[in-house]
Amino acid sequence: MNQRDWVTEELATLDLGDDRLNRRAEVLLSLLGDKPGASIPAACNGWAETKAAYRFFANEDVTTDAVLDSHFQATRERIADAEVVLCIEDTSEIDYTTKTDIEGLGPLNYEARHGFYLHPMIAVTPDRLCHGLLNYQRVIREPGTLGTKPDPTRPIEEKESIRWRNGYEQASLLQGASPETRFVYVADREADFFELLAAAEVADETPKAGFVIRSKHDRTLVDDKTLRATLRRASVLGEVTFDIPAKGNRTARTVIQELRAKRVTLAAPSNLTNATPIEVTAVYAYERNPPKGQDPVSWLLLTSEPVSTTQQASTIVQWYMCRWQIEIFFRILKSGCKIEELQLQHVDRIEVALAFYCIIAWRVLWLTMLGRSCPDMACDAVFDTEEWQAAYTIKYRQRPPDEPPDLNTMIRIVASFGGFLGRKGDGFPGLQSLWIGIQRVRDFAEGIAIQKTIMDSS
């Protein structure tokens, strides 16, 4: 899908109440998508385009919801035929502490730092291909509210953590709208709270999404035993093996985990009025024999899904591991799109710009994984003819073939312009090399097009 086509597809149902605004949105998404790491002035073609961009972001008729709703619809269309869709949520702080002139921000982890918290939901299939965003929430804290002692009796609707339950309920709405697809909500330890788990247990006929949530609390069971001790005593179902990258003090290595699973009933917390016990499946994945000096990679996962075999337990672990895609998504937003460097006067304007960058970040993540999932696809499904031909010409110093190469070949060519060496054992190109390569290829294509225009006119 070329640049023009994908922009049109993502904004196909956009309605800002004015066709001129709709067209400007398409122009902006294309410009920012061409140079996602550049500032807004650098991405625009001159001062006139830059002023038009700033006016667009400041227009009260242009909202984050309107821009993203069109992308949400495009995402739902892409996953329409999927058997399983993982609805993955997480939170990331967007830090504007050094931007003292932006209005409408709130404190982050302490009063001297300010910004807001971004909480999107992405749609990922079990092959780790991200098809787009399904939901978007953000939290702006009120100044002066940090450091207050939490009230355990305060209803969930008054807490920041309501965003997690909102996300699960959104996944359940998607389940109701598309019963032929299994929607599974996937989240890390911050989503482990009783009110969210209880939302899946409501005794009515409303369709419910499944869930896989990493356990944070060693909960008490109705038999007065604890969750972790009960799982450690469960019999071993089998093993799962996978590779993990280096992170912090953790080395890159192949992990072998033992798998245990048990259906358990969680006792209701005493501080929740009228709460009743909840029955869930717990899957305990524990790394045997980690390298010396390394902590074992171990997870206790709570899920709605039945687990009685090694394959079922392995599936739950694999679904949880797909959660890493949202961490990559945040990395693209911050390091690639450089959203924390935006120079806009109010948080509302930043959020409109962020809506565009969320779509762009998804596009990069999708492209990164598409080459792994569909390596034999013709590359012109993703790259413009001008782009793949320019990349081929620059790489091999010869005329491009009549038929476009496969996507795997072209992605490796593109990544080579970003530093990917393609040596034996290098594996698939990484995010950074592909990110840089895409931008360079677009510059190549533009340069060749300009040269051709000059030659044709002479």
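The following refers to the structure shown. Along each chain, residues carry numbers from 1 onward, in the same order as the chain's sequence is written. A pLDDT threshold of at least 70 governs which residues receive local features in this predicted model, and a stricter bar of 80 or more applies before side-chain atom pairs are shown or counted, although totals over entire chains, interfaces and linings include all residues. The basis for every side-chain value is the complete set of heavy atoms in the structure, and neither hydrogens nor water enter the calculation.

Some details on the overall build of the protein chain
Part 1 of the argument: Secondary structure elements follow DSSP: runs of H or I no shorter than four residues count as helices, runs of E no shorter than two count as strands, and numbering proceeds from the N terminus. Along the protein chain, the regular secondary structure elements total 14 helices and 11 strands.
Part 2 of the argument: For the radius of gyration, the atoms used are the C-alpha atoms, and the globule rule reads 2.2 Å times the number of residues raised to 0.38. Taking 458 residues into account, the globule formula puts the C-alpha radius of gyration at 23 Å, and the protein chain, at 24 Å, falls close to it.
Part 3 of the argument: Along the first, second and third principal axes, the C-alpha atoms of the protein chain reach 85 × 50 × 45 Å.
Part 4 of the argument: Burial here depends on accessible area, computed with a 1.4 Å probe over protein chains only, as a share of the maximum for the residue type. Under 20% is buried, over 50% is exposed, and the range in between is partly exposed. With 458 residues in all, the protein chain has 49% of them scored as buried.
Part 5 of the argument: Note on contacts: a residue pair is in contact if any heavy atoms of the two residues lie within 4.5 Å. Of the contacts made within the protein chain by residues no fewer than 6 positions apart, 66% connect residues no fewer than 24 positions apart.
Part 6 of the argument: Looking at the protein chain as shown, the accessible area adds up to about 21900 Å², and 48% of this sits on carbon and sulfur atoms.
Part 7 of the argument: Residues counted as positive are Lys and Arg, residues counted as negative are Asp and Glu, and His and the chain ends are not counted. By convention, the charge on Lys lies at NZ, on Arg at CZ, on Asp at CG and on Glu at CD. Looking at the protein chain, you have 53 positive and 65 negative side-chain charges, and the mean spots of the two groups are 7 Å apart. Throughout, the Shrake-Rupley method with a 1.4 Å probe supplies accessible areas, and for residues the shown protein chains are the sole cover considered.

With respect to the nonpolar core
Part 1 of the argument: Phe56, Phe57, Val317, Leu333 and Phe356 are the most contacted members of the largest nonpolar core, which totals 108 residues.
Part 2 of the argument: With 19 residues, the top contributor of residues to this core is helix α11 (residues 347-373).
Part 3 of the argument: Non-local contacts of Phe356, meaning those with residues more than four positions away in its chain, are made with Ala25, Leu28, Leu29, Leu32, Phe56, Phe57 and Val67.
Part 4 of the argument: Buried Ala, Val, Leu, Ile, Met, Phe, Trp, Tyr and Cys residues that are joined via side-chain atoms within 4.5 Å together make up what is termed a nonpolar core. Of all hydrophobic cores here, the second largest spans 37 residues; its members include Trp164, Leu196, Leu221 and Val280.

Some details on empty space enclosed by the protein
Part 1 of the argument: Only protein atoms enter the 1 Å grid used here, on which a cavity is any set of points holding a 1.4 Å probe that cannot leave and a pocket is any open set flanked by protein within 12 Å on both sides along at least five of seven lines; residues with an atom within 4 Å of a point are listed as lining. Grid points are joined across faces, edges and corners, and a volume is the space filled by probe spheres set on the points. For the structure shown, the criterion picks out two cavities of 30 Å³ or more.
Part 2 of the argument: Computed from the structure, the largest cavity encloses a volume of approximately 100 Å³.
Part 3 of the argument: Gly33, Arg363, Val364, Ile438 and Arg442 are the residues nearest the centre of the largest cavity, which is lined by 10 residues in total.
Part 4 of the argument: Counting residues per element, the ones that place at least two in the lining of the largest cavity are α11 and α14 (431-457).

Here we look at helix α10 (residues 324-336)
Think of an α-helix as turning once every 3.6 residues; residues three or four places apart then point the same way.
Part 1 of the argument: Taking 1.5 Å of rise per residue, the 13 residues of α10 would be expected to cover 18 Å, and the 17 Å separating its terminal C-alpha atoms lies within 8% of that figure.
Part 2 of the argument: Considered for burial, the residues of α10 that qualify are Trp324, Gln325, Ile326, Phe329, Phe330, Ile332, Leu333 and Gly336.
Part 3 of the argument: Positioned one or two residues after α10, Lys338 has a phi angle of 55°, which is positive. Any helix carries an expected span of 1.5 Å times its number of residues minus one.

Focus: the pairing of strand β1 (residues 84-89)
Part 1 of the argument: Among the six residues of β1, six are classified as buried, and the element is accordingly described as predominantly covered.
Part 2 of the argument: Burial along β1 is two-sided: the face carrying Val84, Leu86 and Ile88 and the face carrying Val85, Cys87 and Glu89 are both buried.
Part 3 of the argument: Bridge analysis of β1 against strand β6 (residues 182-187) gives five bridges, and the strand direction is parallel. By the bridge assignment, Val85 is partnered in β6 with Phe183. Between any two strands, pairing holds if DSSP finds at least two bridges.

Looking at the pairing of strand β10 (residues 278-287)
Part 1 of the argument: In terms of burial, β10 is a largely internal element, eight of the 10 residues being buried.
Part 2 of the argument: Both strand β9 (residues 253-266) and β10 contribute to a ladder of 10 bridges, which runs antiparallel. Paired with Thr265 across the two strands is Glu279, which belongs to β10.
Part 3 of the argument: Bridge count for β10 against strand β11 (residues 299-303) is five bridges, and the pairing is antiparallel.

Brief notes about the layout of surface pockets
Part 1 of the argument: In this structure, the largest pocket occupies an estimated 990 Å³ of space.
Part 2 of the argument: Along the walls of the largest pocket sit 32 residues, with Pro150, Arg154, Lys159, Glu160 and Ser161 positioned nearest its centre.
Part 3 of the argument: Residues are grouped as follows: Ala, Val, Leu, Ile, Met, Phe, Trp, Tyr, Cys and Pro are nonpolar; Asp, Glu, Lys and Arg are charged; all remaining types, including Gly, are polar. In the lining of the largest pocket, the residues fall into 10 nonpolar, seven polar and 15 charged.
Part 4 of the argument: Quantified by volume, the second largest pocket comes out at close to 860 Å³.
Part 5 of the argument: Lining the second largest pocket are 27 residues; nearest its centre among them are Pro245, Arg250, Trp324, Glu327 and Ile328.
Part 6 of the argument: Breaking the lining of the second largest pocket down by element, the ones donating at least two residues are α9 (310-321), α10 and α11.
Part 7 of the argument: Among the elements that take part in the lining of the second largest pocket, α10 stands out by supplying five residues, more than any other.

What about the packing of helix α2 (residues 19-34) against helix α4 (residues 47-58)?
Part 1 of the argument: Two elements in contact, α2 and α4, have axes whose closest approach is 11 Å; the angle formed by their N-to-C orientations is 115°. Every pair of crossing elements has a handedness; the one defined by α2 and α4 is left-handed. Only Glu49, Ala52, Ala53, Phe56 and Phe57 of α4 make contact with α2, whose side of the interface consists of Leu21, Arg24, Ala25, Val27, Leu28, Leu31 and Leu32.
Part 2 of the argument: Its residues placed into classes, the contact of α2 with α4 shows 10 nonpolar, no polar and two charged. Helix axes are fitted only over the stretch in contact, all axes being lines through C-alpha atoms; the angle between N-to-C directions runs from 0 to 180 degrees. Less than a right angle of anticlockwise turn of the near helix away from the far helix marks a crossing as left-handed, whereas a clockwise turn marks it as right-handed.

Remarks on unusual backbone geometry
Part 1 of the argument: Even without being a glycine, Asn289 presents a positive backbone phi close to 55°.
Part 2 of the argument: Relative accessible area serves as the criterion here: at 68%, Asn289 is assigned to the exposed category.
Part 3 of the argument: Even without being a glycine, Lys338 presents a positive backbone phi close to 55°.
Part 4 of the argument: Inspection of the secondary structure assignment puts Lys338 in the loop between α10 and α11.

Concerning the packing of aromatic side chains
For any pair of aromatic rings, geometry is given as the distance between the ring centres together with the angle between the planes.
Part 1 of the argument: Put simply, two rings from Phe, Tyr or Trp (the six-membered ring, in Trp's case) pair if the centres are within 6.5 Å, and we call them stacked under 30 degrees between planes, edge-to-face over 60, tilted for the rest. Taken as a whole and judged by the stated rule, the model has 12 aromatic pairs.
Part 2 of the argument: Three or more aromatic residues joined by ring pairs make a cluster, and in this case those are Phe242, Trp299, Tyr320 and Trp324.

Points about the state of the cysteines
Part 1 of the argument: A pair of sulfur atoms, both from cysteines and within 2.5 Å, is called a disulfide here. By the definition in use, this model includes zero disulfides.
Part 2 of the argument: Looking at the unpaired Cys87, the closest cysteine sulfur is the one in Cys130, lying at 11 Å.
Part 3 of the argument: Under the relative-accessibility criterion, Cys87 is labelled buried at 0%.
Part 4 of the argument: We note that Cys322 lacks a disulfide partner, and the nearest cysteine sulfur, in Cys130, lies 11 Å from it.

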